[in-house]
Amino acid sequence: MIIVAISGASGPIMGIRLIEELLNLEEEVAAIVSKTGRKIIEHEVLNNSAYTSLKDLLEKRGVTRKIGLLKEYENSDFFSPSASGSSEFEAVVVVPCSMKTLSAIASGYADNLIVRTCDVAFKEKRRCIIVPRETPLNLIHVENMRKAMVAGAEMVPPVPGFYTHPETIDDVVDFIVGKLLNLLGRKQSLLNSWGSSE
Ligand SMILES: Cc1cc2nc3c(=O)[nH]c(=O)nc-3n(C[C@H](O)[C@H](O)[C@H](O)COP(=O)(O)O)c2cc1C
């Protein structure tokens, strides 16, 4: 089980694409979308129409395969499985991660399910992968990244490579999603390894 958390930063499409790829791989996914994350999905992905649920959104995007493997939890719901160390998730990926959520993760201020899940990941020695989205960075952001990494987080800034000659925004998004799948040790065909001919 992988937890995919979408917080209120630009680029929720990265989290959505990660969920789609994990479902393609027949993985169980638990998703959490913050309140502002939902607003930004409406603005950036849904052309200003209302967010109802991730399942609904994926269906609108034409994804139907293995959609039953996706569960969505409210960010305010501490009765959800990942709020407890007894739940058996393998990794939490916060993608995109706002600087506010990063700061809460770095300081253990677990007042929502996304931050609590990262807190649980640290204490139970599970993986916590963070995709911090802000630019330029101030020193508080950098210090919070350092603090989270000391606690065990892996930091994957959404910085594309250009050696793959991306032609569309989808190509850029898939580069980041490919990197995340590589880190998670999953098979992916979004990003070829350097030197391969495919
Ligand atoms: C359209 C929009 C885009 C935003 N983009 C970012 C961003 O890229 N990075 C960031 O740190 N905050 C961004 N913010 C501000 C955060 O949403 C705000 O700090 C919020 O409190 C984050 O809460 P959350 O992490 O619990 O979702 C954005 C806000 C809006 C409305």
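Reading guide: rules and limits
Residues numbered from 1 in each chain as written. Predicted model: local features only at pLDDT ≥ 70, side-chain atom pairs only at ≥ 80, totals over all residues. Helix = DSSP H or I, 4+ residues; strand = E, 2+ residues; numbered from the N terminus. Contact = placed C-beta atoms within 7 Å. Buried ≥ 20, exposed ≤ 12 C-beta atoms within 10 Å, placed from the backbone. Pairing = 2+ DSSP bridges. Axes fitted to C-alpha atoms, helices over the stretch in contact; angles between N-to-C directions.

Attention now moves to the overall build of the protein chain. Each helix and strand in the protein chain was counted, giving seven helices and six strands. In sequence order, the secondary structure elements of the protein chain are arranged as β-α-β-α-α-β-β-α-α-β-α-β-α. Taking the principal axes of its C-alpha atoms as reference, the protein chain extends roughly 45 × 35 × 30 Å. Of all intrachain contacts in the protein chain linking residues separated by at least 6 positions in sequence, the fraction that spans at least 24 positions is 74%.

Glancing now at the pairing of strand β4 (residues 91–97). Within β4, six of the seven residues are buried, leaving the element largely enclosed by the surrounding structure. Both β4 and strand β5 (residues 127–132) contribute to a ladder of five bridges, which runs parallel. Within β5, the residue paired with A91 across the bridge is R127.

One open sheet holds the six strands; their spatial order is β3-β2-β1-β4-β5-β6, and the pairing between them is parallel. With one partner strand each, in any of the chains shown, β3 (70–74) and β6 (153–155) form the two edges of the open sheet. Neighbouring strand axes in the sheet, compared pairwise and without regard to direction, differ in orientation by 20° on average. Pairing of strand β1 (residues 2–6) with strand β2 (residues 29–33) involves five bridges; the strand directions are parallel. Residue pairing across strands places A5 opposite I32, the latter belonging to β2. The strands touched by helix α5 (residues 113–123) within the sheet are β1, β2, β3, β4 and β5, with β4 carrying the most contacts at an inclination of about 135°. Helix α6 (residues 139–151) rests against β5 and β6 of the sheet, and its axis sits at about 135° to β6.

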